[in-house]
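Architecture and fold: a report
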Amino acid sequence: YLKRGLAEVEIALARGKEKYDKREAIAKRDAEREIRRAWKEFSAVIVQNLTSSNNTITTKFYDRNGNLKLTRTDTLAPGAAIGYNTKNGGSLDPTVFEPLGDNFEGHAVITGNGAIGVVLNGISKSPMAGSATTNGIPE
């Protein structure tokens, strides 16, 4: 402000981040981005009917807090299989998985009225990134 024709100014000196701080921040941001994308890009559930008759399969997707996010009910012929993929839909239209959102992390509970075989993969580019959904299989 001005006082008797003089201006009072406050001056401060600041330092920027050191190079190693910047590298750490960039690495952390990249790792977090990969984790956010991992479930949507690299997740698949394959369910096969192991009986000799039609089998009604129910798949429920829950988030990490235990909230039900999506329920699918499908009827499989004897020996038939169905694939769910949160990125491209697998055997289904990809819009089926929109209720899960882009950053879904959680689990699936799969039941049938007869014997079923199930393979669940959450494959990540960085299996050590801390995602509990990964099975550790590199891309």
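Reading guide: rules and limits
Residues numbered from 1 in each chain as written. Predicted model: local features only at pLDDT ≥ 70, side-chain atom pairs only at ≥ 80, totals over all residues. Heavy atoms only, no water. Helix = DSSP H or I, 4+ residues; strand = E, 2+ residues; numbered from the N terminus. Buried < 20%, exposed > 50% of the residue type's maximum accessible area, 1.4 Å probe, protein only. Contact = heavy atoms within 4.5 Å. Areas by Shrake-Rupley, 256 points an atom, 1.4 Å probe, with all protein chains shown as cover. Polar contact = N/O pair within 3.5 Å; in protein donor to acceptor, adjacent residues only side chain to side chain. Salt bridge = Lys/Arg side-chain N within 4 Å of Asp/Glu carboxyl O. Core = buried A, V, L, I, M, F, W, Y, C linked by side-chain atoms within 4.5 Å. pLDDT = per-residue confidence, 0-100.

Further remarks concern the overall build of the chain. Secondary structure assignment for the chain yields one helix and eight strands. For the chain, the N- to C-terminal ordering of α and β elements is β-β-α-β-β-β-β-β-β. When burial is assessed residue by residue, the chain has 24% of its 139 residues classed as buried. Pairs at least 24 residues apart make up 64% of the contacts formed inside the chain by residues separated by at least 6 positions. With the model as given, the accessible surface of the chain reaches about 9,400 Å², and the carbon-plus-sulfur share is 52%.

Once that is clear, we can look at the side chain of Arg72. For Arg72, the location among the structural elements is in strand E5 (residues 68–76). Looking at Arg72, its side chain comes within polar contact range of the side chain of Asp74, at 2.6 Å. Once residues lying within four places of it in the same chain are set aside, the contact partners of Arg72 are Ile57, Thr58, Thr59, Tyr84, Leu92 and Val96.

One pass over the structure, following the stated rule, counts one salt bridge. A salt bridge links Asp74 to Arg72; the shortest N-O distance between them is 2.6 Å. Arg72 shares its class with Asp74; the two are buried.

Attention now goes to the nonpolar core. In this structure, Val45, Val47, Phe61, Ile82, Tyr84, Phe97 and Leu100 are the most contacted members of the largest nonpolar core, which totals 13 residues. Breaking this core down by element, the ones donating at least two residues are strand E3 (43–49), strand E4 (55–63), E5 and strand E6 (81–85). Residues in contact with Phe61, not counting those within four places in the same chain, are Val45, Asn67, Leu68, Lys69, Leu70, Phe97, Leu100, Phe104, His107 and Ala108.

The next subject is the environment of Ile46. In this fold, Ile46 is placed in strand E3. When neighbours within four sequence positions are excluded, Ile46 is seen to be in contact with Ile82, Gly83, Gly117, Val118 and Val119.

Take the environment of Glu98 next. The residue Glu98 is located in the loop between E6 and strand E7 (106–112) in this model. Glu98 gets classed as exposed once you look at its relative accessible area, which sits at 57%.

Another aspect to go through is the confidence of the model for the chain. Model confidence for the chain is summarised by a mean pLDDT of 77, while 76% of its residues fall at 70 or above. Across the chain, element-level confidence peaks in E5 with a mean pLDDT of 94 and bottoms out in strand E1 (residues 2–3) with 68. Throughout residues 125–139 the model reports pLDDT below 50, and contacts reaching past four residues in sequence, or to other chains, amount to 28 contacts.

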